[in-house]
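Inside the fold
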Amino acid sequence: RPSDLVLEVNNIEVIYNKAVQALRGLSLAVPRGQIVALLGSNGAGKSTTLKAISGLLALENGALASGSILFDGLPVAQLAPQQLVRRGLSHVMEGRRVFEDLTVEENLVAASYALTGRSSGRPDARPDYDLVYSYFPRLHERRKGLAGYLSGGEQQMLAIGRALIAEPTLILLDEPSLGLSPRLVEDIFGIIARINAERGTSMLLVEQNATVALAVAHRGYILENGKIVIDGPAELLAGDADVREFYLGMG
Ligand code: ATP
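Small disclaimer: the values here were computed from a predicted structure and weren't measured.

1. Quick notes on unusual backbone geometry
At asparagine 11, a position not held by glycine, the phi torsion is positive, near 55°. Here asparagine 11 shows up in strand β1 (residues 5–16). You can call asparagine 11 partly exposed: its relative accessible area is 46%. Backbone geometry places glutamate 167, a non-glycine residue, at a positive phi of 45°. Mapping glutamate 167 onto the fold places it in the loop between α6 (152–164) and β7 (170–174). For glutamate 167, a relative accessible area of 45% translates into the label partly exposed.

2. Let's talk about the packing of helix α3 (residues 104–116) against α6
Think of two packed helices as two axes; the pair is described by the angle between the axes and how far apart they sit. Between α3 and α6, the least distance of the axes is 8 Å, while the angle of their chain directions is 30°. In terms of orientation, α3 lies roughly parallel with respect to α6. Every pair of crossing elements has a handedness; the one defined by α3 and α6 is right-handed. Across the interface between the two elements, Val104, Asn107, Leu108, Ala110 and Ala111 of α3 pack against Leu158, Gly161 and Arg162 of α6. Classifying every residue of the contact of α3 with α6 gives 5 nonpolar, 2 polar and 1 charged.

3. Regarding the packing of α6 against helix α7 (residues 182–199)
Look at α6 against α7: their axes get within 10 Å of each other, and the N-to-C directions meet at 15°. One way to sum up the angle between α6 and α7 is to call them roughly parallel. Taken as a pair, α6 and α7 cross one another with a handedness that is right-handed. Mapping the contact onto sequence places Gly153, Gln156, Met157, Ile160 and Leu164 in α6 and Leu184, Ile188, Ile192 and Ile195 in α7. For the contact of α6 with α7, a count of residues per class yields 7 nonpolar, 2 polar and no charged.

So, how was this worked out
- Residues numbered from 1 in each chain as written.
- Predicted model: local features only at pLDDT ≥ 70, side-chain atom pairs only at ≥ 80, totals over all residues.
- Heavy atoms only, no water.
- Helix = DSSP H or I, 4+ residues; strand = E, 2+ residues; numbered from the N terminus.
- Buried < 20%, exposed > 50% of the residue type's maximum accessible area, 1.4 Å probe, protein only.
- Axes fitted to C-alpha atoms, helices over the stretch in contact; angles between N-to-C directions.
- Parallel < 35°, antiparallel > 145°, perpendicular 65-115°, else oblique.
- Left-handed = near helix turned anticlockwise from the far one by under 90°.
- Contact = heavy atoms within 4.5 Å.
- Nonpolar A, V, L, I, M, F, W, Y, C, P; charged D, E, K, R; others polar.

And the structure:
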């Protein structure tokens, strides 16, 4: 019986280089099928949280972590990042990491090779490029073009599209609004909400832009100095004057 929580993070502590304590006993949960926003200012520990979940933190020099993280009931510490991707956990990193010297379509092909663990020949099953293009028609128009020539918004679409190739149950999204115009932010968050609603994909959404994040999220957590200081249903957080003023800096 699948648990109603797709992700359970319990009491995570992370210390970098024996000096910087980035997370201090952080706990959070993502209910299956929901979008959960993780909010907080610069340096609060949001990216560190996502890296701890996807296993990327273990690859970083000088990072020490403790606590427990269950993805779909499975301790993530027992799996390599690659295995986690195959089991349905995708991490869209901050700064839209795409291969700039490859075309849009080649970026999607590379994502599917990463899934099968092969570097040549054909992927085992034909990856669902049409799924990606159905959410991002713009990527279909630009599929023969180099990813390096895409606009910032298009690169963010491609970064999310690469994650979709794995047909994930949970997507970790690190600051998808970063550096984008308000119009594009609205577009991309509309698509994020559609992917969640139509496919039931759960998401943990890290954002500094609390307004847009809480507009699509079901629940929210606010992180300060490596600790959760408040959490609750998204519309309650968004509508609470004290939360807005003291935690979200929205006056
Ligand atoms: P931002 O939005 O700026 O990325 P964040 O909330 O994601 O902020 P983190 O990037 O998780 O915060 O950083 C949390 C703390 O850990 C900060 O003090 C940061 O300087 C520190 N930190 C992050 N990565 C490393 C690292 N590789 N080595 C040392 N310190 C780090």
